[in-house]
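Notes for the structure review
What follows is each chain in one-letter form.
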Amino acid sequence: MHPILLLVAQRLALGLLLIFAASILIFAGTSILPGDVAQSILGQSATPQALANLRAELGMDQPPVTRYFNWLGGVLQGDLGTALTNGRDIAESLSSRLGNTLFLAFWAAIIAVPLAIALGLIAVRYKDRWPDKVISAVTLTTISIPEFMIGYLLIFFLSIQLPQLIMSLEFLSDGVRGWLLANLRFSSVAMMNDSMSLVEKIKSITLPIMVLTLVVLAHMMRMTRAAILNVMQSAYIETAELKGLGMLRIIRTHAFPNAIAPIVNVVMLNLAYLVVGVVVIEVVFAYPGMGQYLVDHVSKRDVPVVQACGLIFATVYIGLNLVADIVSILTNPRLRHPK
Amino acid sequence: MRIPLAALIGLIFTALFFGAALFAPLIAPYGMAEIVGDVWEPPSDRFPLGTDSIGRDLLSRLVYGGQTTIFIATAATALSFVVGSVLGFFAAVSGGWIDQTLSRFIDLIMSIPTLIFALVVLSVTPTKIPILIVLMGLLDSTRVYRLARAVAVDITVMDYVEAARLRGEGTLWIIFRETLPNALSPLIAEMGLRFIFAVLFVSTLSFLGLGVQPPQADWGGIVKENKEGINYGIQAALYPAYAIALLCISINLVADWILGRTTSLKGGRG
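About the criteria used
Residues numbered from 1 in each chain as written. Chains lettered and ligands numbered in written order. Predicted model: local features only at pLDDT ≥ 70, side-chain atom pairs only at ≥ 80, totals over all residues. Heavy atoms only, no water. Helix = DSSP H or I, 4+ residues; strand = E, 2+ residues; numbered from the N terminus. Buried < 20%, exposed > 50% of the residue type's maximum accessible area, 1.4 Å probe, protein only. Contact = heavy atoms within 4.5 Å. Areas by Shrake-Rupley, 256 points an atom, 1.4 Å probe, with all protein chains shown as cover. Lys, Arg positive; Asp, Glu negative; His and termini not counted. Charge placed at Lys NZ, Arg CZ, Asp CG, Glu CD. Buried area = accessible area lost by both parts, 1.4 Å probe. Salt bridge = Lys/Arg side-chain N within 4 Å of Asp/Glu carboxyl O. Polar contact = N/O pair within 3.5 Å; in protein donor to acceptor, adjacent residues only side chain to side chain.

**Focus on the overall build of chain B**
Within chain B one finds 10 helices and zero strands. Overall, chain B shows an N-to-C arrangement of helices and strands of α-α-α-α-α-α-α-α-α-α. With the principal axes as the frame, chain B shows a C-alpha extent of 75 × 50 × 30 Å. Looking at chain B residue by residue over its 270 residues, the buried ones come to 51%. Relative to all contacts within chain B whose residues are 6 or more apart in sequence, the contacts with residues 24 or more apart total 70%. For chain B, the accessible area works out to roughly 11800 Å², and carbon and sulfur atoms hold 67% of it. The distance from the centre of the 18 positive side-chain charges to the centre of the 19 negative ones in chain B is 7 Å.

**A closer look at unusual backbone geometry**
Here the residue pair Pro-214 of chain B and Pro-215 of chain B is connected by a cis peptide bond, since its omega of 10 degrees sits within 30 degrees of zero. When you line up the elements, Pro-215 of chain B lands in the loop between α8 (171-207) and α9 (219-226). Of note in the backbone geometry, Ala-286 of chain A takes a positive phi value of approximately 50 degrees without being a glycine. You can call Ala-286 of chain A partly exposed: its relative accessible area is 39%.

**Some words on the interface of chain B and chain A**
Across the contact, 43 residues belong to chain B and 42 residues belong to chain A. Roughly 3700 Å² of surface becomes buried between chain B and chain A when both sides are summed, with 81% attributable to carbon and sulfur atoms. Three residues, Val-120, Ser-123 and Val-124 of chain B, lead the burial of chain B against chain A; their summed loss comes to 16% of the area buried on that side. Remark: the boundary between chain B and chain A carries zero salt bridges. Taken together, the links from chain B to chain A amount to three residue pairs in polar contact (both at pLDDT 80 or more). Elements represented by at least two residues in the side of chain B that touches chain A include exactly α4 (96-110), α5 (114-122), α8, α9 and α10 (239-265) of chain B.

**Observations regarding the side chain of Ser-93 of chain A**
All names here are of chain A. Here Ser-93 lies in helix α5 (residues 90-125). Residue classification places Ser-93 among the buried residues on the basis of a relative accessible area of 18%. Once residues within four sequence positions are removed from consideration, Ser-93 is found in contact with Arg-88 and Tyr-293.

Structure (structure tokens):
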């Protein structure tokens, strides 16, 4: 077998093992920790009978190992259990929400990834000159504010202040003003339903996309800049320059093949980050996705829902990291052409 | 020693924030949960930043909120450093299966996003400040562990550690007398970044309603309490964002300077 296939197979097996271990950890996190789940759901004033009933319903009267395997067995068959709070099937409630979450993350990624790589390239091209410094200063600011606060800052300035500003611009004709107001409208609530067309949906999530883009952009830009600088400063690039090769040729045959792996890695890590960042942003914009569902049920102490959401988020996160690993193996010229 | 301008600005603002947190009762014009005016009053002489959603003085809330947020973040950072660095040094000095087991376990915890893990645990634990601190500290200690172990592995192969081992010193002696002093500077720079992360993290949890509980003030909670006001053009919810940004940027500037100093002094290693 080609050594590279072996490596990829190893990574895949490792990823599956990791997801399995993560499921144990998530389960343990909600059941072995100090604190009686039934007690904390029902509160201090619960009667002993109600507590006993709830424990039986949760299966708390069985040993944790049995409960874990019952749960895992169900999950593997697509049965995530039922929510304690409303008795609905979790898998059913989750499917449309997972779709919404991925929809939001997808559009944020479509905008953020090319932008981050372009800005990273600009920062490298003008290293230590003003474009680089401006980009660094802006990204330092955006990573120093929590995501949800960036969300509210944008709501305040774009959906509240901007229309007022446009209204107050006396020199514009009424027609222009009307056009601006109609087209620069940023909704502070991201509605989403099946009857909306794709364009309407995207318009509705403009602000969340902007917030996520800003947040991910900063991380991705910084990492891209570091990755490209790392390649451009290596000895073989200097050799190629000294040989008198043209800039294009250097980039095409020397820099690019070696830069793909780190850049793809950066992109994947940030996509993973994006999927988690979505959680908080969904709450800010009341977006009907998985993150809001999770947060809602954490405060309601609905353990089965939390376990299911936790497992799905962890799986997506581990999966994206796994893809990053595999891509960097596949694109590594040293591994592709073993001696 | 000359301190560069950026680092000096960072140091001054960091000191101001910590000073305000320490002396919050002296600085805040009103009590933390005292209702003193109308709902969302605009800034005036009586209320420099206006009032909040139920008529408490916003400046006082902000000062006390800073105290809570900075206290929790400091405690969590301290805990993560004690746990992370002791375990990291222990793994590096011991080596072998102890190192392998610990490192793989830490890898596993890091494979689940921190926020998701915290949410899972918070769904069954009561939301009290000590629990928040322990949870944040332990989750973040994984990052410290990685750094501490990486630095300590380099130190452990040094001659002076070898000499200490041959003298018959115990593992603990080596950790505290040989490894720790030599690993201190990169760890201190990392401490700044972990502190920033803790501030952002506790604010996020409080914003989600899973961190500090009202009437206790904290920066994330102030956003949650006043977010409705934004739709009426009231800035109350945005002040914590400015405070957090200023604090985090200041600490970043200081951490950058410390990191730059240690790398240039000791050739990339602390």
